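Each chain is listed here by its residues.
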Amino acid sequence: MSRTETDVASGSGPPPEDDHAFFGQPKGLLALSGLEVWERFSFLGMQAILVLYFADTSAHGGMGMSAGTAASVSAAYGTLVYLVSVAGGWLADRILGSYRAVLWGGILIACGHYAMAVPTQGMTWVGLGLISAGTGLLKPNVATMVGKLYRTDDDRRDAGFVLYYMAINIGAFAGPLITGWLGDHKGWHWGFSAAAIGMTFGLIQYVAGRRHLAGRRHTAEFALAPDAMRRAIRLILAGLVAVAVVAAALAAAGRLTMGRFVDLLTLISVIAPVVHFAVMFASPRVTPEERGRLRPYIVLFLASTVFNFILFQAYSTMMLLASTNAETAVLGFDFPASWYASALGAFEVALAPVVAALWVRMGHRQPHASNKIAIGVVLGGLSFLLMVLPTSGHSSDDHLMSAWWIVGSYLLLGLGDVLLETSGMSATTKLAPAAFASQTMSLWFLSLALANGIQAQTVKLYDDVSKPAYFGVNGAIAVAAGLAVTAAAPWLRRTMHPVH
């Protein structure tokens, strides 16, 4: 019996008539996609202006960091966001349940954005901490709830994830437009305020659509025993207090600098997935068949890391490049540099339904998930290699390239993202061991943490090497990685059953 069937039988699942109510997809997909529209509106709207806020001068309301440092700190924040997703998956599986984990995550995110709306540096760091914690609760569990709407062998599954990802990118398109304009014309903290309001709308929409969701029971699917749960909660609270006290003491003594904190997060981002894989391989709750499916998942994990290393720089080095070396006018219309980030969301909104329709039309004849992921990684690499052309052959750094170069780069990146992320998330929900459902989705997000962790170190070179060398080397590595996944495709097809 599938999880969806179990939920329905227990009365915690959506009504049977919901199954094809949303363009042939379960109606719960509408509720979850609507939440993600607003969550991405707030998260990526803020992300589009965060590195510019860090790099802007104090006189203009910024934090006065160098370009490389601003990009590194922004990447470290992304690392923290996705590291926390491991705890979010465990809390959903063992204590809160998916529905409540997503709800509380959304509340923390909203509080974080409201904190960042306060124009002080201290509240900026408080806000980023709250958003990190909330996103760690929300992101892995929303994707898991989408997976619970479908049976494992449902051919609509990949198309459903593509539609879900299209909805995400409606928010990714709209967010930078609003926050970018406010940040450019009214001040950075006005942009952060818009992100806060967007997340509030998302919470309202999520609660209103809860009856259409699978997995909304009041207890966790694999809940701890009552005594173990109380002990776990006490340990979690004590651990959080201890970490806060130690961090405050080290910061006061000058031992915990921003640079050391960034390096620590990178180290954790490398160690965490290794430990997570080891725990799942060794767990007695994982069957031999499930363990066999985890092996090819390592390849997908590494492919995701390489691609997202490129993708996340759309909001760091590419934003910095756009603000200093790209025209910010098209057909006589001037726009903030942060609006380039909206191009990425726009392309994904436009391309996602085309890809979804193609997969539905092809049915079982569609390319294997590993091939989709490989193509996505190659496209990500090509998006960086494209930037070698307009940044080459100039004696000074004040040359302004045409806006269409960055738009073209984002087109390649957007198509790659649609192919890789939707196939990766869908494959994750099918390859996940039953006892680690939400935590395996957290493992997918750990690939994003690792990508950000590597980026936090690499972008430090942005000020020190030529732009053609920076984009060319990183792009070539990604293309090579995509070709390696293509070469491994025959083995992946044999070992990833029932993933097609």
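See the structure above.
About the criteria used
- Residues numbered from 1 in each chain as written.
- Predicted model: local features only at pLDDT ≥ 70, side-chain atom pairs only at ≥ 80, totals over all residues.
- Heavy atoms only, no water.
- Helix = DSSP H or I, 4+ residues; strand = E, 2+ residues; numbered from the N terminus.
- Contact = heavy atoms within 4.5 Å.
- Areas by Shrake-Rupley, 256 points an atom, 1.4 Å probe, with all protein chains shown as cover.
- Phe/Tyr/Trp six-rings, centres within 6.5 Å; stacked < 30°, edge-to-face > 60°.
- Buried < 20%, exposed > 50% of the residue type's maximum accessible area, 1.4 Å probe, protein only.
- Axes fitted to C-alpha atoms, helices over the stretch in contact; angles between N-to-C directions.
- Parallel < 35°, antiparallel > 145°, perpendicular 65-115°, else oblique.
- Left-handed = near helix turned anticlockwise from the far one by under 90°.
- Nonpolar A, V, L, I, M, F, W, Y, C, P; charged D, E, K, R; others polar.
- Patch = residues over 30% accessible without salt bridge, like charges linked within 9 Å, V, L, I, M, F, W, Y side chains within 5 Å.
- Salt bridge = Lys/Arg side-chain N within 4 Å of Asp/Glu carboxyl O.
- Core = buried A, V, L, I, M, F, W, Y, C linked by side-chain atoms within 4.5 Å.
- Expected span 1.5 Å × (residues − 1).

Undergrad: Please set out the overall build of the protein chain residue by residue, giving values where relevant.
TA: Each helix and strand counted, the protein chain has 18 helices and two strands in total. At a minimum sequence separation of 6, the contacts of the protein chain that also span at least 24 residues come to 83%. Put simply, the protein chain shows about 19,500 Å² of open surface, and 69% of that area lies on carbon and sulfur atoms.

Undergrad: Tell me about the packing of aromatic side chains, and name the residues and values.
TA: This structure, assessed with the given rule, holds 14 aromatic pairs. Ring geometry for Trp-38 and Phe-201: centres 5.2 Å apart, planes at 65°, overall edge-to-face. With Trp-38 in helix H2 (residues 28-55) and Phe-201 in helix H7 (residues 188-208), this pair connects stretches of sequence that are 163 residues apart. The exposure class of Trp-38 is partly exposed, given its relative accessible area of 27%. Three or more aromatic residues link up through ring pairs in this structure, and these residues are Tyr-53, Phe-54, Trp-125 and Phe-192.

Undergrad: Lay out the packing of H2 against helix H3 (residues 67-96) with the relevant residues and their values.
TA: Two elements in contact, H2 and H3, have axes whose closest approach is 8 Å; the angle formed by their N-to-C orientations is 150°. One element, H2, and the other, H3, form an angle in the roughly antiparallel class. Our pair here, H2 against H3, has a crossing hand that is right-handed. For the pair H2 and H3, the contacting residues are Arg-40, Phe-43, Met-46, Gln-47, Leu-50, Val-51, Phe-54 and Ala-55 in the first and Ala-70, Ala-71, Val-73, Ser-74, Tyr-77, Val-81 and Tyr-82 in the second. In terms of residue class, the contact of H2 with H3 is made up of twelve nonpolar, two polar and one charged.

Undergrad: Lay out a nonpolar patch on the surface with the relevant residues and their values.
TA: Residues Trp-125, Met-258, Phe-261, Leu-264, Leu-267, Ile-268, Val-270, Ile-271, Val-275 and Val-279 make up a contiguous nonpolar surface patch of about 810 Å² in total accessible area. Here the nonpolar patch gets nine residues from one element, more than from any other, and that element is helix H9 (residues 258-282). With respect to the element layout, Met-258 can be found in helix H9.

Undergrad: Go over the nonpolar core, please, and point to the residues and values.
TA: Core analysis: the biggest nonpolar cluster contains 118 residues, and Met-46, Phe-54, Tyr-164, Tyr-206, Tyr-340, Ile-406 and Tyr-410 have the highest contact counts within it. Take this core: its biggest share by element is 14 residues, from H2. Once residues within four sequence positions are removed from consideration, Tyr-164 is found in contact with Leu-29, Leu-32, Ser-33, Glu-36, Val-142, Ala-143, Val-146 and Met-425. Of all hydrophobic cores here, the second largest spans ten residues; its members include Ala-159, Ala-352, Trp-359 and Leu-419.

Undergrad: I'd like a description of the pattern of salt bridges, backed by residues and values.
TA: Evaluation of the coordinates by the stated rule reveals four salt bridges. Where Glu-36 meets Lys-139, a salt bridge forms, and the shortest distance between an N and an O atom there is 3.1 Å. Residue Glu-36 is located in helix H2, and its partner Lys-139 is located in helix H5 (residues 121-147); the two are separated by 103 residues in the primary sequence. Residue Glu-36 shares its accessibility class with Lys-139, and that shared class is buried.

Undergrad: An account of helix H17 (residues 467-487) is needed here, citing residue identities and associated values.
TA: In a regular helix each residue adds 1.5 Å, so 21 residues correspond to 30 Å; H17 covers 30 Å between its end C-alpha atoms and thus fits that length. Inspection of H17 places Lys-467, Tyr-470, Phe-471, Gly-472, Asn-474, Gly-475, Ala-478, Val-479, Gly-482 and Val-485 among the buried residues, and these make up the whole buried set.

Undergrad: Can you explain the side chain of Ser-42? Please cite residues and give values.
TA: Structurally, the position occupied by Ser-42 is in helix H2. Look at Ser-42 and you get buried, because its relative accessible area is 0%. Once residues within four sequence positions are removed from consideration, Ser-42 is found in contact with Ile-109, His-113, Ala-195 and Met-199.

Undergrad: Break down the side chain of Ser-269 for me, with residues and values.
TA: The topology assignment puts Ser-269 in helix H9. On the basis of relative accessibility, which here comes to 0%, the residue Ser-269 falls in the buried class. Contact partners of Ser-269, with chain neighbours within four places excluded, come to Thr-79, Leu-83, Ala-449, Leu-450 and Gly-453.

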